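Coordinate analysis (summary)
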Amino acid sequence: MTATKSKTSAAKAKARAKAKAKKLPVCTAKDLKTKKAKRRKCRVVTKTTKPATKAAAVTKTPIGTHPSSPTGPAAAPPATSGDPTAWTPLPGVADQRTDGLRTYTGAFGTDQATRLLFRAGFGPLPGQAEAFAALGVAAAVDRLVNPGPAQLVGPAPSGDFLVGGQFAPADKWGHGHLQWLDRIARSTDQLGERMTLVMHDWIAMSAEKISGDQMIASIGKLRNGWRGSFRQLMQSMTIDPGMLVWLDGLDSESSDPNENYGRELMEMFTLGADRGAYTEDDIRENARALTGWVADWSEARGLYNFRFWPDRWDQTVKVLFGGTTYERRGNFKYNDVVDACIDHPLHPSFVALKLWSAFIPTPPTQQTLDELCALYRSSGEQLLPLVQAILLHPDLYTGPSMTKSPVTYAGGLLRSKRAGIDTDAWTWVCDMMGQFLWYPPNVSGWNERAWLNTTTYEGRWYAAQYFVNDGDVPTYEGSTETPQQAVDAALAFWGTPVLSSDHRAMLLQHATDAMKTNLWSDAARRTLRQQTLRMLVVAAPDFQVS
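The structure presented is a predicted model; accordingly, all values stated were derived computationally and were not measured.

Across its full length, the protein carries 23 helices and four strands. For the protein, the proportion of its 546 residues judged to be buried stands at 49%. For the protein, restricting intrachain contacts to residue pairs at least 6 apart in sequence, the fraction spanning at least 24 positions comes to 73%. Carbon and sulfur atoms provide 53% of the accessible area of the protein, an area that totals close to 24,700 Å².

See the structure below:
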């Protein structure tokens, strides 16, 4: 598996030209008071600069309705910010902002609460949407952000695929996926599991190349670190044993630097591609600073004792972002290049857009983006304040629907039934849907725009069918159940999920038409009707989105 991305010579030239053409920042008052010899490079502006143009308005679709696509859009690619210094928040003017980090003030019923629980978690338990709706949006978000110590509540895993009644993720194929799906279904920290999945997609590593023990440790760092400093998390992940194996850090030495991690640190993890943030020269300088890591190997233990070995490290001066006002020059090691990327002026917008697109499928306005960037910096590069602001934002509740990822869909089914993991079939079912935990397809993670197609949808059908086939169907001998009663019973089977009026009308129409055939007895027709209705509740397009 290769993790590098080839660049044509034309693309390299274009990137260098963009970097050189970038305007210098406007001189601050402090700059103008500094002697010319010591003044940093900047441009003097004598007239008021017009504020950055706001992003084009996005047509909103209320909850319960959908755009032309029957399943709604997948997460849209993030909008690219303009000048990262175009707007700077001033002290004491937060109350004057009209288009930035607003809190949703509209109706907050079970529809909105269900959307929140699917976007910031993996769906509600029976009755949980109603309970969250009663809290109001601010308290509901606070409960997700501050859940208390995580606990696993519900049926423990069972089945002969377990080892001594437990998962064995380090030793048995698929158990990493199953154990995480169990946490998704049962953890009281739903936002924590959701963000761990976001980070697994963002800073992607795969058990296709690294060991089970390394995957456990790496995902543990993401789970425990996302609530803290992103700078510290990236420092830790840069020398994480799994990452050193995944992106070939152990194959990098002063005489032959490997560019894989140096490239992905910028492109995938901190700055983003095609934004003019870095050049091929920066990647090469990064690679030289990241040299020097080694590990021991044995037949019994595999790779172990990961450590820095100065003799393999490039000890010469490196130059990052040369020719810019934020140029860095020095005898850098791994932590220095991470700091340089985090301090880069385009880093906050990359993080803000990455998180926004994980929860909302339409891009933010420029002012919202600017305020998220300011919040990120003022918080000390913390992710949690941004996540909380996004979960409170009106765009989450008034915007279009968002396709559920395969694991979100599976987790939602398990939670709606308060079910535990009692079969290892969830490995191949989720894989068929297109998302196998521990195995993102490459360093860029999963392609969210490919969640639903004629191949992956079959996996969703199997996931729903697992519960319907094993579910108890009432005896219908002598029954006088009406079509509406049949629909209500099918909805109750799934914990009465929120469905659109069109979806409910379709269910009622089927419940009526199903009794018109004369091929089976009355009781048999009612049994088949109930099984079909249960499938249609969660297999129809309306349930594929949140």
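As a further point, take the pattern of salt bridges. Tallying each qualifying case throughout the model produces 23 salt bridges. Here Arg312 and Glu253 are joined by a salt bridge, their closest N and O atoms 3.7 Å apart. A residue pair is termed long-range when its members are at least 10 positions apart, and Arg312 in the loop between strand S2 (302-308) and strand S3 (318-320) and Glu253 in the loop between helix H10 (241-246) and helix H11 (260-270) qualify at 59 residues. The class for Arg312 is buried, based on a relative accessible area of 18%. Relative accessible area serves as the criterion here: at 29%, Glu253 is assigned to the partly exposed category.

What follows deals with the packing of aromatic side chains. For the coordinates displayed, the defined rule picks out 19 aromatic pairs. Note on Tyr104 and Tyr397: the rings are 4.7 Å apart at their centroids and 25° apart in plane angle, and the pair reads as stacked. On the criterion of sequence distance, the pair formed by Tyr104 in the loop between helix H2 (29-33) and helix H3 (110-119) and Tyr397 in helix H17 (residues 394-398) is long-range, its members being 293 residues apart. Assigned by exposure class, Tyr104 and Tyr397 land together as buried. Pairing Tyr409 with Phe543 gives two aromatic rings, centres 6.1 Å apart and planes at 75°, and the pair type is edge-to-face. Placement of Tyr409 in helix H18 (residues 406-416) and of Phe543 in the segment after helix H23 (522-539) is noted, with a sequence separation of 134 residues between them. Assigned by exposure class, Tyr409 and Phe543 land together as buried.

Of all nine residues in helix H9 (residues 230-238), seven are buried, a share of seventy percent or more. Considered for burial, the residues of H9 that qualify are Phe230, Arg231, Leu233, Met234, Gln235, Met237 and Thr238. Capping of H9 at its N-terminal end is provided by Ser229; its side-chain oxygen lies 3.2 Å from the backbone amide nitrogen of Arg231.

Right, let's get into the side chain of His393. With respect to the helices and strands, the residue His393 is situated in the loop between helix H16 (384-392) and H17. Looking at His393, the relative accessible area reads 1%, which means it is buried. Contacts of His393, omitting those with residues within four sequence positions, involve Gly100, Leu101, Arg102, Tyr104, Trp356 and Thr368.

On to the pairing of S2, then. As paired strands, strand S1 (residues 293-298) and S2 are joined by five bridges and run antiparallel to one another. Opposite Asp296, over in S2, you have Tyr304 as the bridge partner. Turn length for the S1-S2 hairpin, with the two strands adjacent in sequence and antiparallel, is three residues.

What follows deals with the environment of Ser211. Relative to the helices and strands, Ser211 is located in the loop between helix H7 (190-202) and helix H8 (212-225). Here Ser211 falls in the partly exposed class, since its relative accessible area comes to 34%. Sequence separation of Ser211 and Pro169 is 42 residues, and the distance between their C-alpha atoms is 10.0 Å.

This paragraph deals with a nonpolar patch on the surface. A surface patch of nonpolar side chains, amounting to about 330 Å² of accessible area, comprises Leu519, Trp520 and Leu528. By the secondary structure assignment, Leu528 is in helix H23. For Leu528, a relative accessible area of 38% puts it in the partly exposed group.

Before going further, it helps to examine helix H5 (residues 137-145). Within H5, burial applies to Val137, Ala140, Val141, Leu144 and Val145. Projected down its long axis, H5 carries its buried residues within an arc of 135°, all on one side. Those residues of H5 that are buried lie in contact with H3, helix H4 (128-135), H7, H16 and H17.

A few words now on the environment of Trp451. Inspection of the secondary structure assignment puts Trp451 in the loop between helix H19 (425-433) and helix H20 (456-470). Each C-alpha atom of the pair Trp451 and Gln544 lies 9.9 Å from the other, and the pair is 93 residues apart in sequence.

What follows concerns unusual backbone geometry. Positive phi is not limited to glycine here, since Asp274 has a value of about 60°. For Asp274, a relative accessible area of 68% gives the class exposed. In this structure, Thr496 takes a positive phi of about 55° despite not being glycine. Residue position: Thr496 is located in the loop between helix H21 (483-493) and helix H22 (501-513).

Rules used throughout
Residues numbered from 1 in each chain as written. Predicted model: local features only at pLDDT ≥ 70, side-chain atom pairs only at ≥ 80, totals over all residues. Heavy atoms only, no water. Helix = DSSP H or I, 4+ residues; strand = E, 2+ residues; numbered from the N terminus. Buried < 20%, exposed > 50% of the residue type's maximum accessible area, 1.4 Å probe, protein only. Contact = heavy atoms within 4.5 Å. Areas by Shrake-Rupley, 256 points an atom, 1.4 Å probe, with all protein chains shown as cover. Salt bridge = Lys/Arg side-chain N within 4 Å of Asp/Glu carboxyl O. Phe/Tyr/Trp six-rings, centres within 6.5 Å; stacked < 30°, edge-to-face > 60°. Polar contact = N/O pair within 3.5 Å; in protein donor to acceptor, adjacent residues only side chain to side chain. Pairing = 2+ DSSP bridges. Patch = residues over 30% accessible without salt bridge, like charges linked within 9 Å, V, L, I, M, F, W, Y side chains within 5 Å. Arc of directions from axis to C-beta.

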